Amino acid sequence: MMRAGLEHYLVVSFLLFSLGLLGVVARRNLLVVYMSLELMLNAANLALVAMSRFNGNLDGQVLVFFIITVAAAEVAVGLALIVALYRRRQSAHVEDLASLKL
Amino acid sequence: MSPLTLIILLPLLAAVGVAFVPRSFRLLIRFTALLSTFVPMIVSLALFVMFDTAQGGVQFGQKADWVPSLGIQFYVGVDGINVCLVLLATIVAFAAACVSWEIQQREKEYYILLLLMAGGIMGAFASLDLFLFYFFHELALVPTFIMIGVWGRGADKNYATFKITLYLSLGALIALIGLIALYQNSGLRTFDMIELARQLKERPLSTSTQQFIFPWLMFGFGILVSLWPFHTWAPLGYGAAPTAVSMLHAGVLKKFGLYGLIRVALPMLPEGAASWVHWLVALSLGNIIYCGFVAMRQKDLNLLIGNSSVAHMGFAFLGIASFNVLGVTGAVVVMVAHGLLAALSFGLTGYLYQTAKTLEMDRLGGLLRGMPFVGTVSIMAMMAGCGLPGFANFVGEAMVFFGIWKVYPMATVAACWGALVIGAVYMLRAVRVVWHGASAPIGDAGTVAWVDAPHWWRRLPYLLLLSFLILFGAIPRLLTDKIQPEVARLLPVQKQLPVPSLAVKSSPSESPKPFSPAPLAAVAVSDSIFQHPGEARHRTERNDP
Amino acid sequence: MMLQHIAWIVLFAPLAAAALIALATRRDDRLSAQISIAASAVAFAGSLILFLAFDRFELAWSWLNVGPLKVDLGFKFDALSGLMLLVVTGVGTAIHVYSFGYMQGDRSFARFFASMSLFMFSMLGIVVSNNLAQMFVFWELVGVSSYLLIGFWYERPAAADASKKAFIANRVGDFGFLLGILMVWGLLGTVRFDELEARLRTDPGAMGAAATVAGLLLFCGAVGKSAQFPLHVWLPDAMEGPTPVSALIHAATMVAAGVFMLCRVFFLLNVPDSSALPVIAWIGGGTGLLAALIAVQQDDIKRILAYSTLSQLGMMVMAVGLGGPGPAMYHLVTHAFFKALLFLGAGSVIHAMHHEQDIWKMGRLSQRLPVTCKTFLIGALALCGVPPFSGFYSKDAILAQGFEHNTWLFLLAVFTAWLTTFYMSRLVIVAFFGGPKSSGAEEAHESPGIMTSPLIFLAVPSVVAGIAGIPGRLSTQFGAAAEGAHGPAGFAALFEPFSHSPLPAFLGLLVFMLGVAAACSFYWGAKEDPLPSKLGWFARAMKDRFYFDEIYSALVRLTQETIATAAAWFDRWILSGLMVRGAHGTTELVGRALRLAQTGNLQTYALLLAFGVAWMLFYALVAR
């Protein structure tokens with residue numbers, strides 16, 4: 001049986017990241033965009049954990065803890081913002097939210 | 001604590017204090033503003049009187065570390081040059097606070113900004129640390145922009161605000177690049193102007209470095225002083241600004257650039273200056289001649305005075321370009337004189353605008369009968385503006401002419417024409433149209449009942465400025481005796497100047513004494529005052545306990 | 001305190017009076033006038049004491065001392081300034097007193113006297129200057145105080161314009177003067193007269209080839225102030241001021257300052273390398289002739305006198321140019337007395353005629369205004385050069401100077417003298433004799449005593465100044481060589497010209513008689529001027545002052561106004577428009593282009609961000 005090497009983890013991480021990016025760029029629903037964003041974060045987490053494991057130090061894992069913590073906080077804030085936006089605009093679609101355009 | 005620190009801090013602290021006063025306490029706010037500019041005026045007047053001319057050097061100094069790693073200090077002190085400028089700044093600040101009674105809306109914010117500006121201005125001229133000097137200038141500049149934008153007047157207000165903000169920020173930025181380059185290249189890790197000047201005099205920067213840095217300073221500071229052709233912000237900006245801001249900026253803050261040139265650029269970059277000085281002469285003639293002609297064609301009194309103020313700056317540039325004690329001392333006297341005059345002129349037009357609601361000269365006329373006080377002072381101001389003896393402006397301009405004559409005779413001819421004839425033409429035209437002649441009805445509503453500054457406190461700022469203008473004009477040695485030794489110390493040891501073929505070589509001699517048929521005192525440019533003896537250079541500072 | 005220090009009182013008393021009136025007493029007309037008159041009288045008394053007690057001395061206070069420029073506020077008292085002090089303060093005091101009557105009832109009475117005192121101060125400052133820079137300072141102050149006085153009735157457009165014109169014409173002259181001072185300072189290294197003189201005495205060629213230019217530039221100042229061609233245009237217009245002002249400015253003091261200055265700096269003009277003097281002489285002579293021609297066809301009594309002043313000043317300048325500052329100063333002194341007398345007399349006439357100035361509306365005033373008429377006649381005779389009146393002696397000194405040095409200028413001066421007699425006779429005949437030509441002339445009344453007494457006071461020196469020994473006093477100043485003629489005083493002086501240089505003296509007398517005869521034949525009993533029909537276009541040109549004003553205003557329009565318009569246009573459209581707004585516009589255009597990328601869509605930004613990151617990674621990892 002083949003042992004999973006660092007490359008495998010990184011390929012999975014890359015695939016997850018790309019899928020997440022695709023979701024962020026292509027999906028319309030803000031909630032789904034947000035979920036895709038989480039996917040990207042976790043792809044990064046995966047890469048960090050793998051690196052940490054194969055390089056034999058704990059820095060990456062420590063960083064992951066931080067990321068998870070911050071991500072939790074971010075989710076809380078982000079979801080609240082989305083809910084607030086939905087209440088105000090009656091829509092959670094990305095193309096409806098173009099007020100940044102001058 | 002040095003009295004200078006008091007001068008700087010009082011308006012700044014007052015600005016903070018006013019912020020905590022409820023806006024309905026209008027009298028308290030006004031009174032605070034008046035008091036916190038009046039006290040510095042008295043203090044600086046005392047400094048001016050107590051300044052030890054015989055000793056010279058930096059006096060009333062105070063030093064404290066601010067950012068030691070970069071060599072930035074809080075270093076204030078006055079020598080013969082800036083003791084005059086600090087006096088100017090405090091006088092104008094008090095006058096500006098006096099005329100601010102015209103402001104009716106948002107008084108609290110107005111006075112906060114005014115005091116910030118005043119404090120910044122006083123700081124800029126009292127600082128001897130390059131960084132502090134620049135910092136205080138910016139501190140004063142920001143309120144200027146806001147005040148023009150919020151309390152300004154006229155249709156072009158917004159455009160003028162944009163223009164003055166962009167121009168002055170750009171100028172300050174360019175100057176900053178030059179200053180940083182100077183700091184880096186000196187390798188001394190200090191911003192102490194006195195120290196820098198001294199060190200760089202002994203071990204000057206390489207010629208090519210100097211030639212690279214000087215134009216940044218010249219154009220950067222030049223833009224701040226409305227050097228031709230970067231002058232168009234000035235008339236427009238002063239036309240749109242509220243009276244006090246025009247007074248403070250045109251009178252004092254603008255002189256920052258000239259002061260920088262004299263304090264920083266000339267002593268620290270003498271060779272750079274020497275290779276760029278031709279440009280400075282040419283551009284200053286642009287100020288004097290060109291802006292004089294432009295002033296002739298103005299229909300608005302404030303634009304006329306704005307342009308004439310730009311033209312006057314040309315004399316200061318010319319004096320600096322002369323590169324000798326006489327000319328540079330003249331430039332400093334021009335700075336002081338023009339500061340008082342510009343403040344006075346803009347103060348008066350501000351008063352006129354308040355009364356007439358317009359400054360278009362076609363709609364004014366024959367006002368002298370109705371407003372004898374304001375009219376008389378205005379006419380005197382305009383006479384001072386065209387270089388009449390008796391006012392300080394004449395002394396400065398004459399010294400500049402005498403200073404520059406041996407270096408650039410042709411430029412002197414043009415500048416004399418500008419001062420004596422062009423100046424007279426536009427100033428007298430303004431007097432003729434606005435004050436003389438039969439009185440014209442104003443506006444559609446018919447004649448306005450003219451109000452001629454009825455109370456002594458309305459007259460006070462004008463009388464104050466005018467009396468100093470006349471005092472320094474009648475006894476110019478009050479200024480020159482202080483300025484001259486410092487200028488001599490700042491200026492580099494002269495190489496032989498390009499003396500025109502007309503000049504004769506003659507021997508130096510002592511000054512003639514009155515009552516005695518003095519020996520022939522033909523004094524060449526290389527008078528002993530120029531080659532300042534080295535031992536007089538290090539002077540003790542007098543720190544107050 | 002030494003007696004010399006009276007000098008400072010002489011100089012500063014008028015200034016103190018002006019300041020006092022301006023600051024304190026301006027609401028009290030009477031008191032203000034008294035202060036001003038008192039100051040003038042004090043200055044006169046002080047001058048008299050100095051004149052009697054001293055021959056020469058010098059006081060100085062260092063006014064400015066920077067590097068190589070040393071300027072004193074000096075008080076240089078010598079024969080030249082002593083004499084001039086007496087003239088200025090003496091005539092000035094008479095005019096002050098006269099003004100008290102003439103200006104009665106004017107609503108700016110106090111302002112008038114403050115300006116007069118300021119003028120006196122400035123003028124005294126010029127006279128006592130011990131250096132060129134101080135002279136320039138007071139030169140300018142005289143300019144501005146004359147501006148204030150000419151424009152005294154500033155509500156009248158003509159007066160306001162005239163004052164402006166006078167100031168600017170003076171400024172043009174001052175421009176040259178300042179350059180001259182700079183040049184002399186550059187060449188000789190000092191501005192003090194005594195040092196300059198010492199320098200030139202040891203080394204007459206010190207100024208080298210620049211001497212001519214420097215001399216002519218200094219002369220420019222005199223051209224402006226003494227209203228010589230081509231800057232003579234301001235003086236007749238300046239008659240818009242009150243008549244005492246005309247007397248003060250146009251007779252005794254301001255216009256004389258130019259001649260005085262030339263005498264003061266004569267040693268600078270009279271150096272071997274310089275050829276400035278002939279130019280000065282010709283300009284002076286030309287102005288004299290030109291002004292006399294114009295005066296022949298003027299109808300306004302004050303304008304006739306103004307052009308006559310111009311003409312006489314031209315004679316003085318010519319005398320300086322011919323190397324005779326002595327005769328020039330001599331004529332200046334006598335002229336100050338009789339021209340002030342004439343102007344004040346004219347003022348008295350105008351006062352009596354209720355501000356009518358046209359001589360063709362006067363007539364037979366000799367009966368209505370006996371005192372004025374007699375004193376006016378004395379002045380006129382002095383002006384025309386009739387012995388024993390003072391004008392004869394001083395004018396003869398000038399003629400003799402011309403006779404010795406330049407025949408053409410001598411003939412020109414003689415012709416001018418003839419014209420002088422002609423137009424003065426015309427004025428006297430038309431205004432004071434013949435039938436009354438208007439109802440105003442029939443009802444005129446003699447002016448009050450306060451106005452006629454200065455006339456009498458001035459009439460005395462107008463008569464006797466010729467035999468008072470002025471040339472003797474002056475000869476100590478310029479030395480016998482430059483002095484020209486006439487030494488003795490008293491009775492011996494009475495016939496001295498006829499023995500010294502008989503031809504000019506007799507020729508002077510002859511042209512006087514011819515002039516009177518010609519004027520009598522034309523104007524005795526005439527109702528209107530017969531000359532225009534006889535001379536045709538030339539008379540018209542004389543009346544219209546040879547169109548100088550028109551030519552100048554066209555020139556100014558062509559040059560200055562065009563340049564100003566062009567500069568304003570350039571400022572507005574090129575600098576503010578093209579450059580500034582151009583920079584602004586370019587920035588804005590770029591901004592607009594970049595704005596297209598800002599869709600506002602979150603996902604576009606995210607995509608761009610991703611591309612950016614990918615691009616950077618590519619560079620960081622692969623392309624290295």
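Small disclaimer: the values here were computed from a predicted structure and weren't measured. (Residues numbered from 1 in each chain as written. Chains lettered and ligands numbered in written order. Predicted model: local features only at pLDDT ≥ 70, side-chain atom pairs only at ≥ 80, totals over all residues.)

Student: Is there a simple way to think about the overall build of chain C in this case?
Tutor: Regarding its fold elements, chain C presents 29 helices and two strands. In chain C, which comprises 624 residues, the share counted as buried stands at 59%. At a minimum sequence separation of 6, the contacts of chain C that also span at least 24 residues come to 80%. (Helix = DSSP H or I, 4+ residues; strand = E, 2+ residues; numbered from the N terminus. Buried ≥ 20, exposed ≤ 12 C-beta atoms within 10 Å, placed from the backbone. Contact = placed C-beta atoms within 7 Å.)

Student: I would appreciate a short explanation of the overall build of chain B in the present structure.
Tutor: Broken down by element type, chain B carries 19 helices and three strands. Of all 545 residues assigned to chain B, the portion counted as buried reaches 61%. Put simply, of all contacts in chain B between residues at least 6 apart along the chain, 82% involve residues at least 24 apart.

Student: Looking at this model, I keep getting lost on the interface of chain C and chain B. Mind explaining?
Tutor: Accessible area lost during the coming together of the parts is what is often quoted as the interface size. In this assembly, 53 residues from chain C lie in contact with 59 residues from chain B. With 16 residues, the single largest contributor to the side of chain C that touches chain B is helix α6 (residues 157-188) of chain C. Of the residues contributing to the side of chain C that touches chain B, the split by class is 32 nonpolar, eight polar and 13 charged. (Nonpolar A, V, L, I, M, F, W, Y, C, P; charged D, E, K, R; others polar.)

Student: What exactly am I supposed to notice about the interface of chain C and chain A here?
Tutor: With 10 residues of chain C at the interface, the matching set in chain A holds 11 residues. By residue number, the principal contributor to the side of chain C that touches chain A is helix α29 (residues 602-622) of chain C, which donates five residues. For the side of chain C that touches chain A, a count of residues per class yields four nonpolar, five polar and one charged.

Student: Even after reading the chapter, I still don't get the confidence of the model for chain C, so can you show me in this structure?
Tutor: Low pLDDT means the predicted coordinates in that region are not meant to be read closely. Across chain C, the average pLDDT comes to 85, with 97% of residues at or above 70. Every residue in residues 481-485 of chain C is under pLDDT 50, and counting partners more than four places away or in other chains gives 20 contacts. (pLDDT = per-residue confidence, 0-100.)

Student: Teacher, can you tell me more about unusual backbone geometry here?
Tutor: Backbone phi values are negative for most residues with the exception of glycine, while trans is the configuration of most peptide bonds. Between W228(B) and P229(B) the backbone carries a cis peptide bond, its omega angle lying at 0°. Structurally, the position occupied by P229(B) is in the loop between α8 (207-224) and α9 (233-240). Going from F229(C) to P230(C), the amide bond is cis rather than trans, its omega being 5°. Inspection of the secondary structure assignment puts P230(C) in the loop between α8 (211-225) and α9 (234-237). In this model, A227(C) sits at a positive phi of 55°, which is unusual for a non-glycine residue. Mapped onto the elements of the fold, A227(C) is located in the loop between α8 and α9.

Student: Would you take a moment to explain the pairing of strand β2 (residues 72-78) of chain B for this structure?
Tutor: If a strand is regular, its side chains alternate between the two faces of the sheet. All names here are of chain B. Burial within β2 is extensive, with five of its seven residues counted as buried. Two elements, strand β1 (residues 59-67) and β2, share six bridges in a ladder whose sense is antiparallel. Paired with K63 across the strands is Y75, a residue of β2. Counting the residues in the hairpin turn of β1 and β2 gives four residues, including G71, whose phi is positive at 80°. (Pairing = 2+ DSSP bridges.)

Student: Help me out: how do you make sense of the pairing of strand β1 (residues 57-66) of chain C in this one?
Tutor: Residues and elements named next belong to chain C. By the bridge criterion, nine bridges tie β1 to strand β2 (residues 69-77) in an arrangement that is antiparallel. Note that in β2 the partner of A60 across the bridge is G74. Following β1, the chain reverses through two residues before pairing antiparallel with β2; G67 in that reversal takes a positive phi of roughly 50°.

Student: In this structure, what is going on with helix α17 (residues 409-435) of chain B? I would like to understand it.
Tutor: Side chains three or four residues apart in an α-helix point the same way, a direct result of the helix having 3.6 residues per turn. Residues and elements named next belong to chain B. Across its 27 residues, α17 extends 37 Å between first and last C-alpha, which sits within 8% of the 39 Å expected from 1.5 Å per residue. Of all the bends in α17, the greatest measures close to 30° and is centred on G418. For α17, a buried count of 19 out of 27 residues is recorded, marking the element as mostly surrounded by other parts of the structure. Directly after α17, the chain includes G437, whose backbone phi takes a positive value near 85°. (Expected span 1.5 Å × (residues − 1). Bend = angle between axes of the 7 residues up to and from the residue.)

Student: Could you clarify how one ought to interpret the nonpolar core in this entry?
Tutor: Note that soluble globular proteins tend to have their nonpolar side chains buried in a common cluster. Ranked by size, the top nonpolar core spans 442 residues in total, and within it I121(B), L248(B), V336(B), L469(B), V259(C) and A340(C) carry the most contacts. Ignoring sequence-local partners within four residues, the contact set of A340(C) consists of V91(C), A94(C), I95(C), A247(C), A251(C), A252(C) and L458(C). Among the nonpolar cores identified, the runner-up in size contains six residues, and V24(A), V33(A), Y34(A) and V94(A) belong to it. (Core = buried A, V, L, I, M, F, W, Y, C linked by C-beta atoms within 7 Å.)

Student: Teacher, can you tell me more about the packing of helix α16 (residues 392-405) of chain B against α17(B) here?
Tutor: Axis angle and axis distance: for two packed helices, these are the angle between their axes and the distance between the axes, and together they describe the pair. Residues and elements named next belong to chain B. Viewed as axis vectors pointing N to C, α16 and α17 meet at an angle of 160°, and their least axial separation amounts to 8 Å. Accordingly, the angle class assigned to the pair α16 and α17 is roughly antiparallel. Once α16 is placed against α17, the crossing between them reads as left-handed. Residues E397, F401, I404 and W405 of α16 lie in contact with α17, whose contacting residues are P409, A411, T412, A415, C416 and A419. Tallied by class, the residues present in the contact of α16 with α17 amount to eight nonpolar, one polar and one charged. (Axes fitted to C-alpha atoms, helices over the stretch in contact; angles between N-to-C directions. Parallel < 35°, antiparallel > 145°, perpendicular 65-115°, else oblique. Left-handed = near helix turned anticlockwise from the far one by under 90°.)

Student: What is the right way to look at the arrangement of the chains in this model?
Tutor: The interface with the most contacts, out of two pairs of chains in contact, is the one formed by chains B and C. No part of chain A reaches chain B; the closest C-alpha pair between them is 21 Å apart.

Student: I would appreciate a short explanation of the packing of helix α12 (residues 270-296) of chain B against helix α28 (residues 548-595) of chain C in the present structure.
Tutor: With their axes 8 Å apart at the nearest point, α12(B) and α28(C) run at an angle of 100° to one another. Comparing the axis directions of α12(B) and α28(C) gives the class roughly perpendicular. Each of Y290(B), F293(B), V294(B) and M296(B) in α12(B) lies in contact with α28(C), whose residues at this interface are I563(C), A564(C), A567(C), A568(C) and D571(C). Classifying every residue of the contact of α12(B) with α28(C) gives eight nonpolar, no polar and one charged.

Student: Whenever I open this one, the environment of F94(B) confuses me. Can you help?
Tutor: Residues and elements named next belong to chain B. Among the secondary structure elements, F94 is positioned in helix α3 (residues 80-99). Overall, the presence of 25 C-beta atoms within 10 Å leaves F94 in the buried class. Remark: the alpha-carbon pair of F94 and G222, spanning 128 residues in sequence, is separated by 27 Å.

Student: For this particular structure, what's the right way to read helix α4 (residues 107-126) of chain B?
Tutor: Here α4(B) spans 28 Å end to end across 20 residues, near enough to the 28 Å set by a 1.5 Å rise per residue. Across the 20 residues of α4(B), 18 count as buried, placing the element largely inside the fold.

Student: What am I meant to see in the environment of M424(C) here?
Tutor: Residue and element names in this part refer to chain C. Among the secondary structure elements, M424 is positioned in helix α19 (residues 407-432). Through-space distance from the C-alpha of M424 to that of P502 is 25 Å; in sequence the pair is 78 residues apart. Dropping the residues within four chain positions of it, M424 is found in contact with A380, L383 and C384.

Student: Looking at this structure, I do not really get the environment of I112(B). What am I missing?
Tutor: Residue and element names in this part refer to chain B. As for its placement among the helices and strands, I112 is situated in helix α4. For I112, a count of 21 C-beta atoms within 10 Å corresponds to the buried category. Placed 175 residues apart in sequence, I112 and N287 show a C-alpha to C-alpha distance of 34 Å. Contact partners of I112, with chain neighbours within four places excluded, come to A15, V18 and A19.

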